[in-house]
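Here is how the chains run, residue by residue.
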Amino acid sequence: QVQLVESGGGLVQPGGSLRLSCVASGFTFSYYDMSWYRQAPGKERELVATITSDGANINYADSVKGRFTISRDNAKNTVYLQMNSLQPEDTAVYYCNSKINTVWRWGQGTQVTVSS
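The structure contained in this document is the topic of the report that follows. (Residues numbered from 1 in each chain as written. Predicted model: local features only at pLDDT ≥ 70, side-chain atom pairs only at ≥ 80, totals over all residues. Heavy atoms only, no water.)

This part covers the sheet that holds strand 3 (residues 18–25). In spatial order, the strands read 1-3-8-7; together these four strands make up an open sheet with antiparallel pairing. Since the sheet does not close on itself, it has two edges, and those belong to strand 1 (3–7) and strand 7 (68–73), each with one partner. Going across the sheet, the axis of each strand differs from the next one's by a mean of 15 degrees, ignoring polarity. Here five bridges tie strand 1 to strand 3, and the two strands are oriented antiparallel to one another. (Pairing = 2+ DSSP bridges. Helix = DSSP H or I, 4+ residues; strand = E, 2+ residues; numbered from the N terminus. Axes fitted to C-alpha atoms, helices over the stretch in contact; angles between N-to-C directions.)

In structure tokens form, the structure reads like this:
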């Protein structure tokens, strides 16, 4: 079955970095665009970044441009989110996401907390 499993979250000080990973299984990963979303307490889930199936096109939310980098390794069925210059407002649960055969699929999420 389709699975998306995120990892790499944790507690980091302001200005620090984290790299999130999302390992996919149960579908042909290289065929599908992948996205990262996040949801902060009391807020709606928001799109952070999207990468096309071949990695040729990437889009970011304005709030993370210049600080976050999305990438993928189709040989490893993995999408990454490198997060630099983290700020307290980046605190959220981060989810990877893709629309597989017309069905939106989500991972379980990984918590990122930015605090001194």
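Applying the stated criterion to the full structure yields four aromatic pairs. An angle of 50 degrees between the planes, with centres 6.4 Å apart, marks the rings of Phe 27 and Phe 29 as tilted. Since its relative accessible area comes to 12%, Phe 27 is described here as buried. A residue is classified by how much of its surface remains accessible, and Phe 29, at 1% relative accessible area, is buried. Ring centres of Tyr 37 and Trp 106 lie 4.9 Å apart, and the angle between their planes is 65 degrees; this geometry places the pair in the edge-to-face category. A residue pair is termed long-range when its members are at least 10 positions apart, and Tyr 37 in strand 4 (residues 34–39) and Trp 106 in strand 10 (residues 103–106) qualify at 69 residues. Sitting over the ring of Tyr 95, Arg 45 keeps its end group 3.8 Å from the ring centre. Lying across the ring of Phe 29, Arg 72 places its NZ or CZ 4.3 Å from the centre. (Phe/Tyr/Trp six-rings, centres within 6.5 Å; stacked < 30°, edge-to-face > 60°. Buried < 20%, exposed > 50% of the residue type's maximum accessible area, 1.4 Å probe, protein only. Lys NZ or Arg CZ within 6 Å of the ring centre and 35° of its normal.)

Time to look at the nonpolar core. A general tendency of soluble globular proteins is for nonpolar side chains to be buried together. By size, the foremost hydrophobic cluster in this structure holds 30 residues, and its most contacted members are Trp 36, Val 79, Leu 81, Met 83 and Tyr 94. When neighbours within four sequence positions are excluded, Val 79 is seen to be in contact with Leu 20, Ser 21, Cys 22, Phe 29, Met 34, Trp 36, Ile 51, Ile 70, Ser 71, Arg 72 and Cys 96. (Core = buried A, V, L, I, M, F, W, Y, C linked by side-chain atoms within 4.5 Å. Contact = heavy atoms within 4.5 Å.)

In terms of burial, strand 8 (residues 78–83) is largely enclosed, as five of its six residues are buried. Across six bridges, strand 3 lies against strand 8 in antiparallel orientation. Bridge pairing links Val 23 to Thr 78 in strand 8. With six bridges joining them, strand 7 and strand 8 adopt antiparallel strand pairing. Paired with Arg 72 across the bridge in strand 8 is Val 79.

Another aspect to go through is unusual backbone geometry. Here Asn 77, not a glycine, exhibits a phi torsion of approximately 55 degrees, which is positive. Relative to the elements of secondary structure, Asn 77 occurs in the loop between strand 7 and strand 8. For Asn 77, a relative accessible area of 26% corresponds to the partly exposed category. Of note in this structure, Thr 102 is not a glycine but carries a positive phi near 75 degrees. Relative to the elements of secondary structure, Thr 102 occurs in the loop between strand 9 (92–100) and strand 10. Residue classification places Thr 102 among the exposed residues on the basis of a relative accessible area of 68%.

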